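Geometric and topological summary
What follows is each chain in one-letter form.
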Amino acid sequence: MKFYVLWLVLVLAVQADAAKQRKKAKIPALIVFGDSIMDTGNNNNLSTFLKSNFPPYGKDFPGGLATGRFSDGKVPSDLIAEKLGLAKTLPAYLSPNLKPRNLLKGITFASGGTGYDPLTAETMSVISVGDQLIYFKEYISTIKRRYGKRKARHILNSGIFLVVSSSNDLAHTYIAQSHKYNPASYASFLAKSAVKFVRKLHKLGARKIGVFSALPVGCVPLQRSVRGSVLTRECVKPLNNMAKKFNARLSPALKSLGFEVADRACCGTGFLEISYMCNSYNPFTCSNSSAYIFWDSYHPTERAYQVMVDKLFDKYFSKVF
């Protein structure tokens, strides 16, 4: 079975001095915004049910620690930071263990359950992308105060800024918004919101910005179980079509990946378990998560993320950054 992944679709590399960009100077930091795909623990101390800082989450993370990452191991924030030679893991901005020196190589403001639609974060009681920008302002102020304006300017000009959102909007919030939007108009609303976010980020000084496209949310195990056919558990086409409409407003990039198990997750039965439903008391969790695309019913495994990140680097980072 083939599993289609829509990846980086909009890249803005805005620098006044093109010659500097051609030299491809060492990237100083990775700054990430978005949802659970990139969250490394920002939800841990929030009053939300969307958490993953308990076993069996993190069973393949170094030390087998459940850090708040929505996967069996590392997530793209970590894998990209490691690929760039910055750090083996990317810290969460709200981590109580965060030290000022940890800020220099980058940070993630991502919060599991958020989206471009403000209603998404409000419903899930997580950090909105707007509030993530507020935290980003704090971050830059801290860099300026502790390490000087020149260092802050270097991070803004040469660092990489990634935005990963929209999946929760499409999979969950659209239903609540369907009285105001049809699928096409909601996809357009999200695309405009994404562009608005990028413009705000650029106005704050960021110059190398990558926006990820929406995943085919209709194919995640949770949606296949709840909204797909009872017997065949097929992908939910209306959700995928809406994701395609969103991506079409940005610029599509479609890649095909193959794994042994693509229609269910590793954790528990693989059909519904996510967050607190994916726990160490569930006897059905698989022993070989690397054979699965999905760790829980919504989030990929570390191996799936690694394949995606490798393809991302081959196609985009080597050419743009």
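A quick note: this is a predicted structure, and the numbers were derived from the prediction, not measured. (Residues numbered from 1 in each chain as written. Predicted model: local features only at pLDDT ≥ 70, side-chain atom pairs only at ≥ 80, totals over all residues. Heavy atoms only, no water.)

The way to describe two aromatic rings as a pair is by their centre distance and the angle between their planes. According to the stated counting rule, one finds 15 aromatic pairs in the structure shown. Considering the side-chain rings of Phe33 and Phe197, the 5.5 Å spacing of their centres and the 75° angle between planes classify their relative orientation as edge-to-face. Here Phe197 lies in helix H7 (residues 183-203) and Phe33 lies in strand E3 (residues 30-34), a separation of 164 residues in the sequence. Judged on exposure class, the residue Phe33 and its partner Phe197 are both buried. Here the aromatic rings of Phe109 and Phe136 are separated by 6.2 Å at their centres, their planes lie at 85°, and the arrangement is edge-to-face. Placement of the pair is Phe109 in the loop between strand E4 (106-108) and helix H3 (118-124) and Phe136 in helix H4 (residues 129-147), with a sequence separation of 27 residues. Looking at Phe109, the relative accessible area reads 1%, which means it is buried. (Phe/Tyr/Trp six-rings, centres within 6.5 Å; stacked < 30°, edge-to-face > 60°. Helix = DSSP H or I, 4+ residues; strand = E, 2+ residues; numbered from the N terminus. Buried < 20%, exposed > 50% of the residue type's maximum accessible area, 1.4 Å probe, protein only.)

Among the structural elements, Gly64 can be located in the loop between E3 and helix H2 (76-83). Here Gly64 falls in the partly exposed class, since its relative accessible area comes to 39%. When sequence neighbours within four positions are dropped, the list of residues in contact with Gly64 reads Gly58 and Lys59. (Contact = heavy atoms within 4.5 Å.)

Everything listed here is a matter of geometry and, on its own, says nothing about what the molecule does.
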